[in-house]
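Letter by letter, the chains look like this.
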Amino acid sequence: MLIEIKPADHLIASCVGKPGNRTFYIQAAKEDEILTILCEKFQVKQLAGGIRQFVERLLEKHPNLETSGLLDTLPDLALRRPIDPLFRVGEIGIGYDEESELMVLIAQELGQEVQEDDYQDDPETVKARIWATCSQMLQMADHGEKQVLSGRPICGNCMQPIDSEGHFCPNSNGHK
Ligand SMILES: [Zn+2]
């Protein structure tokens, strides 16, 4: 099964929940069609880095590419509800189509990795393709990364995150 949003008029990587217990999502929409996929915090971070590197390389090949962070309209930085994820993402890939000048994000359901030539015929495999401009992708990367970094505070003693319930510090030697 392949779900495609082309082109996305809404694209965001964000989270819900309290620090230490947050759930991350990638969400794209085209008009009323909303696609939400569940992902891990580290995947948002990796994706953000991946998108930036990809756009850098694209700019070497296409110096005139429009990648300014300024979009025509202010991006919608909130997850649209209901948040109803289609699947938990395993692998994420990034690509570019020269003709439409759109970047594509390809997300595959976790645990459904199959051979490249098999997936076309495999109805069990869920893939999502999200097409958006480079600016939209960079916007998602920046905002997603901010969400990742605005998580739990880090303990200065052991550099581990501090949970809202409290923190047992392995470096405290009994001190708080
Ligand atoms: Zn600590």
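Everything that follows concerns the structure shown earlier in this document.
Residues numbered from 1 in each chain as written. Predicted model: local features only at pLDDT ≥ 70, side-chain atom pairs only at ≥ 80, totals over all residues. Heavy atoms only, no water.

1. What about the pattern of salt bridges?
Should the charged atoms of two oppositely charged side chains come close, the side chains can pair. Taken as a whole, this structure holds five salt bridges when the rule is applied. Note that Arg 52 and Asp 142 form a salt bridge whose closest N and O atoms lie 2.8 Å from each other. Of the two residues, Arg 52 is situated in helix 1 (residues 41-61) and Asp 142 in helix 2 (residues 134-149); the sequence distance between them amounts to 90 residues. The exposure class of Arg 52 is partly exposed, given its relative accessible area of 28%. Of the charged contacts, one joins Glu 145 and Arg 52 as a salt bridge, the two residues approaching to 3.0 Å between their closest N and O atoms. Note that Glu 145 is positioned in helix 2 and Arg 52 in helix 1, a separation of 93 residues in sequence. Put simply, Arg 52, Asp 142 and Glu 145 are held in one network by salt bridges that share partners. (Salt bridge = Lys/Arg side-chain N within 4 Å of Asp/Glu carboxyl O. Helix = DSSP H or I, 4+ residues; strand = E, 2+ residues; numbered from the N terminus. Buried < 20%, exposed > 50% of the residue type's maximum accessible area, 1.4 Å probe, protein only.)

2. Some thoughts on a negative patch on the surface
A contiguous patch of negative charge on the surface is contributed by Asp 9, Glu 31, Asp 32 and Glu 33. Within the secondary structure layout, Glu 33 lies in strand 4 (residues 33-39). Relative accessible area serves as the criterion here: at 41%, Glu 33 is assigned to the partly exposed category. (Patch = residues over 30% accessible without salt bridge, like charges linked within 9 Å, V, L, I, M, F, W, Y side chains within 5 Å. Areas by Shrake-Rupley, 256 points an atom, 1.4 Å probe, with all protein chains shown as cover. Lys, Arg positive; Asp, Glu negative; His and termini not counted. Charge placed at Lys NZ, Arg CZ, Asp CG, Glu CD.)

3. A word on the state of the cysteines
Considering all chains together, one arrives at zero disulfides under this definition. The structure places no disulfide on Cys 39, whose sulfur is separated from the nearest cysteine sulfur, that of Cys 15, by 9.7 Å. Residue classification places Cys 39 among the buried positions, given a relative accessible area of 5%. (Disulfide = S-S within 2.5 Å.)

4. Section: the sheet that holds strand 2 (residues 10-16)
Ordered in space as 2-3-4, the three strands form an open sheet in which the pairing is antiparallel. Strands at the two margins of the open sheet, each flanked by one partner only, are strand 2 and strand 4. The average undirected angle you get between the axes of adjacent strands in this sheet is 20°. In the packing of helix 2 onto the sheet, the strands contacted are strand 2 and strand 3 (23-30), and the crossing angle to strand 2 comes to about 5°. (Pairing = 2+ DSSP bridges. Axes fitted to C-alpha atoms, helices over the stretch in contact; angles between N-to-C directions. Contact = heavy atoms within 4.5 Å.)

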